[in-house]
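Here are the chains, one letter per residue:
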Amino acid sequence: MFKSNMKRTSSLLLIGTLGLLALGNASAATGILETDDMVGVSFWLATAMMLASTVFFILERQNVAPKWRTSMTVAALVTGVAWYHYTYMRGHWISTGESPLVMRYIDWLITVPLQVAEFYLILAAIGAATAALFWRLFGASIVMLVAGFLAESGEMSDGLTWPLFAVGVAAWIYIIYEVWAGEAKENVSGASEGTQFAFKAMAIILTVGWAIYPIGFIMGEGGDAGDVENLNILYNIADVVNKTAFGMMVWYAATMDTKAAGSEE
Ligand SMILES: *C/C=C(C)/C=C/C=C(C)/C=C/C1=C(C)CCCC1(C)C
């Protein structure tokens, strides 16, 4: 009985994963990638990494202890949503040579709150998270993105670009403060090795991994074509680090915990 259920789950997973791959082909219609277009190459690399990570997280989900499965699902959603948007963004870049600014922020508006939810889940698993903490982090991440969008899109007057950027940075620094010095930290010390690893990985991602974005923003404000290229390469690298590599760390923590639980039995 249990075995046949497992079998059915695996084949459903396989069908779902193959479906994803087919969708990838369907949306792959785009212009020609030139050999010297390094930004275009980075868009294509990021797209493939997002798809591969999504498939990996979905398939690995069944190999970790049940309490980690929702975290794996969220990791797959983050890379899956990003993959979907990257199939558009790479085409936009190759066809126009311009930043896919709106799509970039649409993607962040979904994936950043999902990552905040991931952080909450890791902490909730050890009873160290409150709903209030989630909403504070969620609110700060939205402020950061809206300020960044208004600054980057040029919708506001030029004089507001840097003040808005400063608002975005302030919201980000608040998130860093919550993670390193807030209520969450005290409660983590007694948790399992896997949870402690995941918490540390998350704190480093939010601090070091996320720092790539404001650096990219600053480089992009230079105004010439090379600056737009640097901005897109940096944003693409940042997305791979913060979505794919972060998901891998969650998977690693989950695996560590699952093995530890197995050896206790
Ligand atoms: C998967 C996408 C992620 C994790 C995106 C993260 C984006 C940021 C951390 C953006 C940060 C910015 C600031 C700190 C200042 C204003 C400009 C932004 C929006 C680029």
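Our structure's up above, just so we're on the same page.
Residues numbered from 1 in each chain as written. Predicted model: local features only at pLDDT ≥ 70, side-chain atom pairs only at ≥ 80, totals over all residues. Heavy atoms only, no water.

(A) View of the overall build of the protein. Tallying secondary structure elements over the protein gives nine helices and zero strands in all. Taken over the C-alpha trace, the protein has a radius of gyration of 20 Å; the compact-globule value for 265 residues is 18 Å, and the two agree within 12%. Taking the principal axes of the C-alpha coordinates as reference, the protein spans close to 60 × 45 × 25 Å. When burial is assessed residue by residue, the protein has 45% of its 265 residues classed as buried. As presented, the protein carries roughly 13100 Å² of accessible surface, and 69% of it is formed by carbon and sulfur atoms. Averaged over its 13 positive side-chain charges, the protein has a centre that lies 18 Å from the centre of its 22 negative ones. (Helix = DSSP H or I, 4+ residues; strand = E, 2+ residues; numbered from the N terminus. Rg over C-alpha atoms; globule rule 2.2 N^0.38 Å. Buried < 20%, exposed > 50% of the residue type's maximum accessible area, 1.4 Å probe, protein only. Areas by Shrake-Rupley, 256 points an atom, 1.4 Å probe, with all protein chains shown as cover. Lys, Arg positive; Asp, Glu negative; His and termini not counted. Charge placed at Lys NZ, Arg CZ, Asp CG, Glu CD.)

(B) How the structure looks around the site of the ligand. Close to the ligand lie 18 residues, the nearest being Gln115, Met144, Trp210, Tyr213 and Lys243. Put simply, the parts of the chain that give the shell around the ligand at least two residues each are helix H4 (101-124), helix H5 (131-153), helix H6 (161-181), helix H8 (193-220) and helix H9 (225-264). With five residues, the top contributor of residues to the shell around the ligand is H4. (Near = heavy atom within 4 Å.)

(C) Seen up close, the side chain of glutamate 118. Here glutamate 118 is to be found in helix H4. For the buried glutamate 118, no salt bridge is present, and the opposite-charge side chain at shortest range is arginine 61, 10 Å distant. If we skip the residues at most four places from it in the chain, glutamate 118 touches Ser71, Val74, Ala75, Phe246 and Val250. (Salt bridge = Lys/Arg side-chain N within 4 Å of Asp/Glu carboxyl O. Contact = heavy atoms within 4.5 Å.)

(D) Here's a closer look at the nonpolar core. Within the largest apolar cluster, 53 residues are counted, with the highest numbers of intra-cluster contacts made by Trp68, Leu123 and Trp210. In terms of residue count, H8 provides more of this core than any other element does, 11 residues in total. Counting residues in each nonpolar core, the second largest holds 15 residues, with Leu51, Ala82, Tyr86 and Trp93 among its members. (Core = buried A, V, L, I, M, F, W, Y, C linked by side-chain atoms within 4.5 Å.)

(E) Layout of the pattern of salt bridges. For the structure on display, the rule yields five salt bridges. The residue lysine 67 makes a salt bridge to aspartate 257 at a minimum N-O spacing of 3.5 Å. Within this pair, whereas lysine 67 is found in the loop between helix H2 (38-60) and helix H3 (69-96), its partner aspartate 257 is found in helix H9, the two being separated by 190 residues in sequence. Among the residues examined, aspartate 257 registers a relative accessible area of 8% and is labelled buried. A salt bridge links lysine 243 to aspartate 107; the nearest nitrogen and oxygen atoms lie 3.8 Å apart. Placement of lysine 243 in helix H9 and of aspartate 107 in helix H4 is noted, with a sequence separation of 136 residues between them. Within this structure, Arg104, Asp107, Asp239 and Lys243 form a network of salt bridges that share partners.

(F) Representation of H8 within the structure. Helix length check: H8, at 28 residues, gives a terminal C-alpha distance of 40 Å against a target of 40 Å (1.5 Å per residue), a fit within 8%. Maximal helix bending in H8 amounts to about 35°, located at isoleucine 205. (Expected span 1.5 Å × (residues − 1). Bend = angle between axes of the 7 residues up to and from the residue.)

(G) Spatial organisation of the side chain of glutamate 178. Relative to the elements of secondary structure, glutamate 178 occurs in helix H6. Classification of glutamate 178 as buried rests on a relative accessible area of 7%. A distance of 2.7 Å separates the side chain of glutamate 178 from the side chain of arginine 136, its partner in a polar contact. Sequence-distant contacts of glutamate 178, that is, excluding residues within four places in its chain, are made with Leu133, Arg136 and Leu137. (Polar contact = N/O pair within 3.5 Å; in protein donor to acceptor, adjacent residues only side chain to side chain.)

(H) The arrangement of the packing of H3 against H4 in detail. Remark: H3 packs on H4, axes separated minimally by 9 Å, with the N-to-C direction vectors making an angle of 170°. If you check the angle between H3 and H4, you find them roughly antiparallel. Taking contact as the criterion, the partners of Thr70, Ser71, Val74, Ala75, Leu77, Val78, Val81, Ala82, His85, Tyr86, Tyr88 and Met89 in H3 are, on H4, Met103, Arg104, Ile106, Asp107, Ile110, Thr111, Leu114, Gln115, Glu118, Leu121 and Ile122. Taken together, the residues of the contact of H3 with H4 break down into 15 nonpolar, five polar and three charged. (Axes fitted to C-alpha atoms, helices over the stretch in contact; angles between N-to-C directions. Parallel < 35°, antiparallel > 145°, perpendicular 65-115°, else oblique. Nonpolar A, V, L, I, M, F, W, Y, C, P; charged D, E, K, R; others polar.)

(I) Focus on the packing of H6 against H8. In contact at an axis separation of 10 Å, H6 and H8 are set at 170° when each is read in the N-to-C sense. If you check the angle between H6 and H8, you find them roughly antiparallel. The residues of H8 that touch H6, namely those facing Thr161, Trp162, Phe165, Trp172, Ile175, Ile176, Val179 and Trp180, are Phe199, Ala203, Ile204, Leu206, Thr207, Trp210, Ala211, Pro214, Phe217 and Ile218. Residues that form the contact of H6 with H8 fall into these classes: 16 nonpolar, two polar and no charged.

The values are spatial; any link to function lies outside them.
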